Structures are given as structure tokens and as C-alpha cells.
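Chain residues, written in single-letter form:
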Amino acid sequence: NNREYIRRKYIRQMKILDFILYITHYFLVILRRFNGEDIEGRSKNALAIMLFFICLLLFLVIYALGIYANLISYNKYSIFISGGIIFLLIRYLVFKRYKTNYNKVIENYKDRFPYSNKIIIMSFLLFWFIPILLFWIGLIILRQLIY
């Protein structure tokens, strides 16, 4: 039962990532007249950046709790290197996940969610700025708690 619950939760999370990838892809299709090269690669990179900010916030919460509990000390080089490793890992996982099924995901969601251009643009902006704002607000709160 526990294994089935974990599998369902994983599938639900992948559907959310697939939907965000779909929105990102069609946002770039709308902007194609400015620069329509490598929409697939740009969509994957945008998804990786969104996930990176969320994971970086989680890393910084753990790091700040370690500093607060005097388990570790502040080291800007380790933060920088850890952030780079997190980004490369997330980018690798996103590109690996969508290497073969990118077009399948886009076609599947295109049939299920035929949104207008306005909804696509607003959804993309929402998906793009929420991780950035969460990271920024979380960083401010963590800084206030530590100092």
C-alpha cells in the first residue's frame, strides 16, 4: 500500500511538471516570431530553472537551520558550489526525463488543454515568477531569522 501511494504521488508530480512544460512550450511558440530556434531546449531549460529555484530554497532552508543550530558555519564558496551542483543535477534530470517523450507530452496536453494565447502567457508568467518570488521571500525570511 505504501509503495502504491508513493507511485501515485510520483505520477501526480510528473503530471504537474508535464503541464508546466506544455505551458512553457506554447509560450515559446507564441514568441516564436522573435526567435523560434530550439523551442524544445529552451522549454526544458525554463523548466529546469523553475525547479532550481524551488530546490535552492529548500537547500537554503536546510543550510540556514544548520547555521542556526551551530552545526555548520557560513561559507559562501560551499553555497555557490552546492547551488551549481543542484542546478546541473536538476538540468540533467529534466533533460533525461524529456529526452524521448517531449513531443508525446506536448501532443497529449495540447489535446487536453487547448488554451488561448492569453491564458498561456498568464500561466507561464505565473509559473515563472512564483518560484523566483518564493526563493526571494524565503531568503529574506531566513536572513531575518539568522541575524
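Preceding this paragraph is the structure being described.
Residues numbered from 1 in each chain as written. Predicted model: local features only at pLDDT ≥ 70, side-chain atom pairs only at ≥ 80, totals over all residues. Heavy atoms only, no water.

Trainee: Tell me about the environment of Trp 128, and name the residues and values.
Mentor: With respect to the helices, strands and loops of the structure, Trp 128 is situated in helix α5 (residues 117-146). According to the relative accessible area criterion, Trp 128 is partly exposed, its value standing at 22%. Residues contacting Trp 128, with those up to four places away along its chain left out, are Ala 46, Ile 49 and Met 50. (Helix = DSSP H or I, 4+ residues; strand = E, 2+ residues; numbered from the N terminus. Buried < 20%, exposed > 50% of the residue type's maximum accessible area, 1.4 Å probe, protein only. Contact = heavy atoms within 4.5 Å.)

Trainee: How would you sum up the nonpolar core? Please name residues and give values.
Mentor: Residues Tyr 22, Leu 47 and Tyr 98 are the most contacted members of the largest nonpolar core, which totals 37 residues. Among the secondary structure elements, those contributing two or more residues to this core are α1 (2-30), α2 (39-68), α3 (76-97), α4 (102-112) and α5. Ranked by the residues each element gives to this core, the list is headed by α2, at 14 residues. Dropping the residues within four chain positions of it, Tyr 98 is found in contact with Met 14, Leu 17, Asp 18, Leu 21, Glu 40, Lys 44, Leu 47 and Val 105. (Core = buried A, V, L, I, M, F, W, Y, C linked by side-chain atoms within 4.5 Å.)

Trainee: Which residues make up the packing of aromatic side chains, and what are the values?
Mentor: Throughout the structure, instances matching the rule amount to 15 aromatic pairs. The interplanar angle of 35 degrees and the centroid separation of 5.8 Å between the aromatic rings of Phe 59 and Tyr 63 together place this pair among those described as tilted. One end of the pair, Phe 59, and the other, Tyr 63, are both in helix α2, four residues apart, so they sit about a helical turn from each other. The class for Tyr 63 is buried, based on a relative accessible area of 11%. The rings of Phe 19, Tyr 22, Tyr 26, Tyr 109, Phe 113, Tyr 115 and Phe 127 are connected pair by pair, giving a single aromatic cluster. (Phe/Tyr/Trp six-rings, centres within 6.5 Å; stacked < 30°, edge-to-face > 60°.)

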